[in-house]
Amino acid sequence: MMSTYDELYRKEWQWQEGDLTVTRSMQWSGPGCHNGCGLLYYTKDNKIVKIEGDPNSPYNQGRLCMRCLNLTESLEHKDRLKWPLKRIGERGENKWQRISWNEALDIIEANVRKIQKEYGPESICGMVGTGRNICWQVPLLTYAGFGSPNFGYSFLSGDSCFSPRAAFIAVTHGDFSVCDCSQFHEDRYDNPEYKVPEVILIWGNNPIHSNSDDFLGHWIVELMKRGTRLIVVDPKLTWLAGRAEYWLQLRPGTDAALGLGMLNVIINENLYDQEFVEKWTYGFEELAERVRQYPVDKVAEITWVPKEQIEEAARFFAQAKPGAIQWGLKVDQSVAGVPAAQAIATIGAICGFIDIPGSNIYIRDAYDILSSYGTGYEEFLSPEMRAKRLGDEKYPLKRMGVGPTAHADSVLVALETGKPYPVKMLWIQTSNPIANMGADAPRLYKAIRTTDFNVVVDLYMTPTAVACADLVLPAGMSPERNGYKTWWHPLRSTSKIVQYYECKSDEQIVLEVGKRLAPQNFPWETDIDLINWMFSRSATYKEDFQTLQQKVTDYQKYEYKKYEKGLLRFDGETGFNTPTGKLELYSTLFAEWGLDPLPYFEEPPYSPVSTPLKSKEYPFILTTGARSLEFFHSEHRQLKTMREFHPDPLFDINSEIAAEMGIQEGDWCWLENHNGRCRQRAHLDPALSRKVIRAEHGWWFPEMEGSEPALFGVFDSNSNNLTEQCQNGPTGYGAPYANTICKVYKATEENSLDLPSLVVTRKGGF
């Protein structure tokens, strides 16, 4: 006999409840985050009328954040793009003409062939924002359709989101590791092999707000209920930091030093796992020698974290049984992003918290169905064309294929200088770089207008589209598309259940453009054919999309201690997938490529230490990119509900220093440095350091005029007016988004006559 619960929450993928059709699916397209939470869509007459979390999805177990719960408002919003648009005015005038998809494809084909003939395929760049459900589609179009090696992030300086961590750990561990919250077990916390981490070290992220990198922040809360205790490394007293055993309030940009200081304690007090280190790691003696250069009192001086806290936190973590690390974006966002990742990951490694239950565990895409940025790179490009990828000539990690993207800063330089060759076309899909990704947004604005032809694919008209696009194409949201997710586990399906005007899925757009440009490389007739081709490339997955759609999610059995079972190396031997076969504390590849093989600390380009004179004028450390519950990067600003909760951009400032400066809660203030300025409202935070300002990013104002000079006000509150492009670490990765300098003063009528959007679009910039 079925219970009421079983009748309400069924396990088939679709059923009928009265006049409503209920479909189990997944949310992974914009607007939203990097996860893939299970949803129940209730539909009637081609409309989504209600959304609930799916209790039968082991991934989120029915839980949803406000961004998903409010998805219906975005699906039916009046400002959504409904059909293809062709620019009929000058760039920036926001004048468009509705055209058919066939007309759009004709225009794309004519321009691509002209640019390919005159400048070569490499002069076309494909770009995405935060990935999500376009991780492999746009790369495939770039490589197999345009014939170009230049796919990358939309001017994200130093590729500094996930890539620095991913590149380092690929080189030294051979696989990517994540904090084990039981997410890879279908039976979750009840799995007999699973063990709750005794301590989790949360470093450089607020997972409850960001839900980044396929990591649902609520998992941390679930583990806290089961006994997990926390160490939180963050300049901000977050909700999690307030409940931690240790809150290490570091100076932004000094993560590598703090990591080295903790290593110093763990090694010198013999708190590390000597058996694991001896048997499975390489380079421990060199590491021990390096950390001697970072005594704790010196590290305390660099990081502003008291010596006693560093020592106690290091002991607390090392003595856990076991511990795990959940790290995030702020690790990437300094010039020392890679060595910071190296130091942090090494803390867990020498403690033996590697691939055992409740530690940091290795994971690959489900069934090895690839969803990577490298999709089609070697298959469709000649070695000669691959050798032209921008940035490869300068950075060995790029050249050796560790990072499968063109170097974002090198693309910008090519746009500006024509060297090593000109960039003449941008294909920007689901990204709004002048509002969000590009450091030095005004510089980026000028550069993207120099091309011959640009296409933007998005959900809404954006400042980037108005500023530079010649064509704008409407993309579908999650319930308007078929798709899958394998980053990381389980394999999940998205099902198309409604159609919004003439929007098409990213797969459909890529397929139709590809068939026009290179039909031999795009033999598939439908989006499902294309998805099934991706499935067919797996050696272990033998089913098709229709079967997955019925299952909704598909789990493989997860194996721990893979290094002991010969499950990591391609030759089947035990050990790690590295040149030495061991987890490399000293990177042999970094040494071969002329890079420092060990973790180290480097001062940010602008700081009280590296630029003391400039810091007298700009006395605060500015960290940008603060997350909120309502928004995902530059998305959601159109939605009345989200703006009701969070109407304006906010920056955090210490309450006492604000009072001394005459700044009150909610005051509009200018944040300014040598590069530019922006204005946000003050939020007084008694726990924030007196020396730190914490600003939000991604702000634009859809309610404002879209044409220039206003351009939706995209530069008015843009914290990326104050950050700079092309300041990367020696690996090419990392950029100081989170650690520059600024001053703060109240906005007045007199000092606000020329707002930044006017200054940038009409007066030549700051």
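These figures come from a predicted structure and were not determined experimentally.

1. Thoughts on the overall build of the protein
Helix and strand counts for the protein come out as 29 helices and 28 strands. At 25 Å, the protein has a C-alpha radius of gyration in line with the 27 Å of a compact globule built from 766 residues. Dimensions of the protein, computed from C-alpha atoms along their principal axes, come out at roughly 70 × 70 × 60 Å. Considering only contacts in the protein between residues 6 or more positions apart, those separated by 24 or more positions represent 74%. When the accessible surface of the protein is totalled, it reaches about 26,300 Å², and 50% of it is carbon and sulfur. Side-chain charges of the protein comprise 81 positive and 100 negative groups, with the mean position of each set lying 3 Å from the other.

2. Describing the pattern of salt bridges
Enumeration over the complete set of coordinates arrives at 54 salt bridges. Residues Arg-364 and Asp-175 are paired through a salt bridge, measuring 2.5 Å at the closest nitrogen-oxygen approach. Taken together, the residues span a long stretch of sequence, with Arg-364 in the loop between strand E15 (360-363) and helix H15 (377-380) and Asp-175 in the loop between helix H6 (163-172) and strand E9 (176-179) at a distance of 189 residues. Assessed through its relative accessible area of 6%, Asp-175 is described here as buried.

3. A closer look at empty space enclosed by the protein
What the rule picks out here adds up to 12 cavities of 30 Å³ or more. In this structure, the largest cavity occupies an estimated 480 Å³ of space. Lining the largest cavity are 33 residues, with Gly-204, Asn-205, Asn-206, Lys-330 and Gly-625 sitting closest to its centre. Of all the elements in the fold, those that place two or more residues in the lining of the largest cavity are helix H7 (207-210) and strand E23 (620-626). Counting residues per element, the lining of the largest cavity draws most heavily on E23, at four residues.

4. Some points on the layout of surface pockets
By volume, the second largest pocket amounts to about 390 Å³. As for the second largest pocket, its lining consists of 17 residues, of which Arg-364, Asp-368, Gln-556, Lys-557 and Lys-562 are closest to the centre. Classifying every residue of the lining of the second largest pocket by side-chain character gives seven nonpolar, three polar and seven charged.

5. Regarding the sheet that holds strand E1 (residues 14-17)
Picture the strands of a sheet paired through backbone hydrogen bonds; they go either parallel or antiparallel. Reading across from one edge, E1-E2-E3-E4 is the order of the four strands in this open sheet, with antiparallel pairing throughout. Each end of this open sheet is capped by a strand with a single partner; those strands are E1 and strand E4 (47-53). Here the average twist between neighbouring strands, direction ignored, is 30°. Where E1 meets strand E2 (residues 20-27), four bridges bridge the pair, whose relative direction is antiparallel. From the neighbouring strand, Gln-16 faces E2, where its bridge partner is Thr-21.

6. Some thoughts on the sheet that holds strand E6 (residues 96-98)
Pairing in this open sheet of seven strands is mixed, and the strands run E6-E5-E18-E17-E16-E7-E8 from one edge to the other. Looking at the sheet topology across the chains shown, the edges are occupied by E6 and strand E8 (151-153). Within the sheet, the average angular offset between the axes of one strand and its neighbour, ignoring direction, is 20°. Where strand E7 (residues 124-128) lies against strand E16 (residues 425-429), five bridges are found, and the strand directions are parallel. Residue pairing for E16: Gly-126 is matched across the bridge by Trp-427.

7. With respect to the nonpolar core
Counting residues in each nonpolar core, the largest one holds 181 residues, and the members touching the most others are Trp-203, Met-262, Trp-327, Ile-350 and Trp-427. Those residues in contact with Ile-350 that sit more than four places away from it in its chain are Leu-263, Ile-266, Ile-267, Tyr-272, Asp-273, Val-277, Phe-284, Leu-287 and Leu-585. Within the second largest apolar cluster, 37 residues are counted, among which are Ala-406, Leu-412, Ile-434 and Cys-468.

8. Points about the pairing of strand E3 (residues 37-44)
Burial runs high along E3: seven of the eight residues are buried. Note: E2 against E3, seven bridges, orientation antiparallel. Note that in E3 the partner of Val-22 across the bridge is Tyr-42. Where E3 hands over to E4, the hairpin turn is made up of two residues, of which Asp-45 adopts a positive phi near 50°.

9. Overview of helix H19 (residues 441-448)
The buried count for H19 comes to six of eight residues, which makes it a mostly enclosed element. All buried positions along H19 are accounted for by Ala-441, Pro-442, Leu-444, Tyr-445, Ala-447 and Ile-448. Looking at the packing, one finds that the buried side of H19 touches helix H18 (408-417), E16, strand E17 (453-458), helix H20 (463-468) and helix H29 (756-762).

10. Considerations on the side chain of Arg-80
Within the element layout of this structure, Arg-80 appears in the loop between helix H3 (71-75) and strand E5 (85-87). A distance of 3.2 Å separates the side chain of Arg-80 from the backbone oxygen of Ala-475, its partner in a polar contact. Ignoring any residue separated from it by four or fewer positions in sequence, one finds Arg-80 in contact with Ser-74, Leu-75, Leu-459, Tyr-460, Ala-475, Gly-476, Met-477, Glu-480, Tyr-500 and Cys-503.

11. Brief notes about the environment of Ser-493
Topologically, Ser-493 is positioned in strand E20 (residues 491-494). Classification of Ser-493 by relative accessible area gives buried; the value is 0%. With residues up to four places along the chain from it excluded, the contact list for Ser-493 reads Ser-25, Met-26, Gly-483, Tyr-484, Phe-545, Leu-548, Gln-549 and Val-552.

12. Focus: the packing of aromatic side chains
Here the structure, examined in full by the defined rule, presents 35 aromatic pairs. A centroid spacing of 4.9 Å and a plane angle of 70° characterise the contact between Trp-280 and Tyr-563, whose relative ring orientation is edge-to-face. Linking Trp-280 in helix H10 (residues 274-280) with Tyr-563 in helix H24 (residues 562-565), this pair joins segments that are 283 residues apart in sequence. Judged by relative accessible area, Trp-280 falls into the buried class, the value being 11%. With a centroid separation of 5.0 Å and 65° between ring planes, the pair formed by Tyr-484 and Phe-535 is classed as edge-to-face. One end of the pair, Tyr-484, is in strand E19 (residues 483-485); the other, Phe-535, is in helix H22 (residues 527-536), with 51 residues separating them in the sequence. You can call Tyr-484 buried: its relative accessible area is 2%. On the basis of relative accessible area, Phe-535 is assigned to the buried category, the value being 1%. The positively charged end of Lys-50 is found above the aromatic ring belonging to Tyr-42, 4.3 Å away from the centroid.

13. Notes on the side chain of Asn-360
Within the secondary structure layout, Asn-360 lies in strand E15. In this structure Asn-360 touches Ser-177, Val-178, Cys-179, Gly-323, Ala-324, Ile-325, Phe-353, Ile-354 and Asp-355, once residues within four positions along its chain are discounted.

Criteria and thresholds
Residues numbered from 1 in each chain as written. Predicted model: local features only at pLDDT ≥ 70, side-chain atom pairs only at ≥ 80, totals over all residues. Heavy atoms only, no water. Helix = DSSP H or I, 4+ residues; strand = E, 2+ residues; numbered from the N terminus. Rg over C-alpha atoms; globule rule 2.2 N^0.38 Å. Contact = heavy atoms within 4.5 Å. Areas by Shrake-Rupley, 256 points an atom, 1.4 Å probe, with all protein chains shown as cover. Lys, Arg positive; Asp, Glu negative; His and termini not counted. Charge placed at Lys NZ, Arg CZ, Asp CG, Glu CD. Salt bridge = Lys/Arg side-chain N within 4 Å of Asp/Glu carboxyl O. Buried < 20%, exposed > 50% of the residue type's maximum accessible area, 1.4 Å probe, protein only. 1 Å grid on protein atoms, 1.4 Å probe; cavity = no way out; pocket = protein on both sides within 12 Å on 5 of 7 lines; lining within 4 Å. Points joined across faces, edges and corners; volume = space filled by probe spheres on them. Nonpolar A, V, L, I, M, F, W, Y, C, P; charged D, E, K, R; others polar. Pairing = 2+ DSSP bridges. Axes fitted to C-alpha atoms, helices over the stretch in contact; angles between N-to-C directions. Core = buried A, V, L, I, M, F, W, Y, C linked by side-chain atoms within 4.5 Å. Polar contact = N/O pair within 3.5 Å; in protein donor to acceptor, adjacent residues only side chain to side chain. Phe/Tyr/Trp six-rings, centres within 6.5 Å; stacked < 30°, edge-to-face > 60°. Lys NZ or Arg CZ within 6 Å of the ring centre and 35° of its normal.

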